[in-house]
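Structure assessment
The chain contents come next:
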Amino acid sequence: SAPSNYYNTTLNWEVECSSNGAWMPTITVPADVLSDYLGGLSTYTQLQCRARAEAGGGWSEWSDWNSMYTLTVCGDGARQGTEECDDGNELSNDGCTNCHVEIGYACIVVAGGDVCGNGCRNGTKEAGEACDDGNDVTGDGCDNKCEVETSWQCVSTPHITVADAITSTCSVPCGDGVRILGHEDCDDDNTVDGDGCSTSCTVETNSACAENAAGKSVCQKCGDGVLQGTELCDDGGASLACLSCSSVQKGYTCTGTECFAGPSRLSMVMIEMAQEESVQAKWAPSSGYGFSIVWG
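Residues numbered from 1 in each chain as written. Predicted model: local features only at pLDDT ≥ 70, side-chain atom pairs only at ≥ 80, totals over all residues. Heavy atoms only, no water.

A word on the environment of Gly-95. Positionally, Gly-95 belongs in the loop between strand S6 (66-69) and strand S7 (96-97). Here the alpha-carbon distance between Gly-95 and Cys-107, two residues twelve residues apart in the chain, equals 7.4 Å. (Helix = DSSP H or I, 4+ residues; strand = E, 2+ residues; numbered from the N terminus.)

Here is the structure:
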């Protein structure tokens, strides 16, 4: 009779693969020769493979097709797969060791392999750099040339992984008179509360701000008694006539910072009709409201 483990012992297994649509021959292999089977392929080549095993009871069903890649070769000058870098050699202390970027370095892909250096964009601020935040992104304060961007400020802070090194932390200064969209709601060139733009560069209640050509926020605060920007009226709350500084209560008239009941004050007189026995005149304000008098 067969040994007790005969039916549970793998005797052989078959592998069937295709690469770029081309079928490779089905082979029966022990595990130690699979590398020879795939050895003719280029590094990091995508394959579709399936397998089945033979035990004492015969062959199993084929597995599902699975996607896989051939192994990368560190040091061949081609960054592939999980390699962080590949500078075409196996040397240490040149920025790329065992295809991992060394601390304090940055690597970029060029023809023939990565070029690594401990300069701009490696996250370590060094001589000649105004800043270095470890990326090549613009719009975050430190541009891809390691220069501080307009209306940003960058300070040096200790590097969290490199001993005795510093990196750059950048932020937008509030109150310099240039609003940076996405970081400030307003910036009116001061850090004073109560003028429409607060000390933290947020728009205050009952205020509105817009930027001029230079990027400075010009703010108007409804209810301060100063007619500004797009305000139709602002009497400082002295009456109930000026509504949210954008409209006038019916039955009132406002001229900038002064509101009063009734139509506008008489501003001009027009002689509409003159006859031998009577004269008709109309006092017409700029609003179009007025009254006529006829005498004679």
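This is not the end of the story, as more comes after the structure.
By the bridge criterion, four bridges tie strand S17 (residues 252-255) to strand S18 (residues 258-261) in an arrangement that is antiparallel. Along S18, the bridge assignment pairs Thr-255 with Glu-258. What sits between the antiparallel neighbours S17 and S18 is a turn of two residues, in which Gly-256 has the positive phi angle 75°. (Pairing = 2+ DSSP bridges.)

Turning our attention to the packing of aromatic side chains. Inspection of the entire model under this criterion finds one aromatic pair. Taking the centre distance of 4.4 Å and the plane angle of 15° together, the rings of Tyr-44 and Tyr-69 count as stacked. Taken as a pair, Tyr-44 in the loop between helix H1 (34-38) and strand S4 (46-55) and Tyr-69 in strand S6 lie far apart in primary sequence, 25 residues in all. For Tyr-69, a relative accessible area of 41% translates into the label partly exposed. Note that Arg-50 overlies the ring of Trp-62, its terminal NZ or CZ placed 4.5 Å from the centroid. (Phe/Tyr/Trp six-rings, centres within 6.5 Å; stacked < 30°, edge-to-face > 60°. Buried < 20%, exposed > 50% of the residue type's maximum accessible area, 1.4 Å probe, protein only. Lys NZ or Arg CZ within 6 Å of the ring centre and 35° of its normal.)

Attention now goes to the state of the cysteines. Per the counting criterion, the structure on display carries twelve disulfides. Residue pairing for Cys-17: its cysteine sulfur links by disulfide to Cys-49, the two sulfurs lying 2.1 Å apart. A torsion of 115° about the S-S bond marks the disulfide between Cys-17 and Cys-49 as right-handed. In this pair, Cys-17 is assigned in strand S1 (residues 12-19) and Cys-49 in strand S4, connecting sequence segments 32 residues apart. (Disulfide = S-S within 2.5 Å.)

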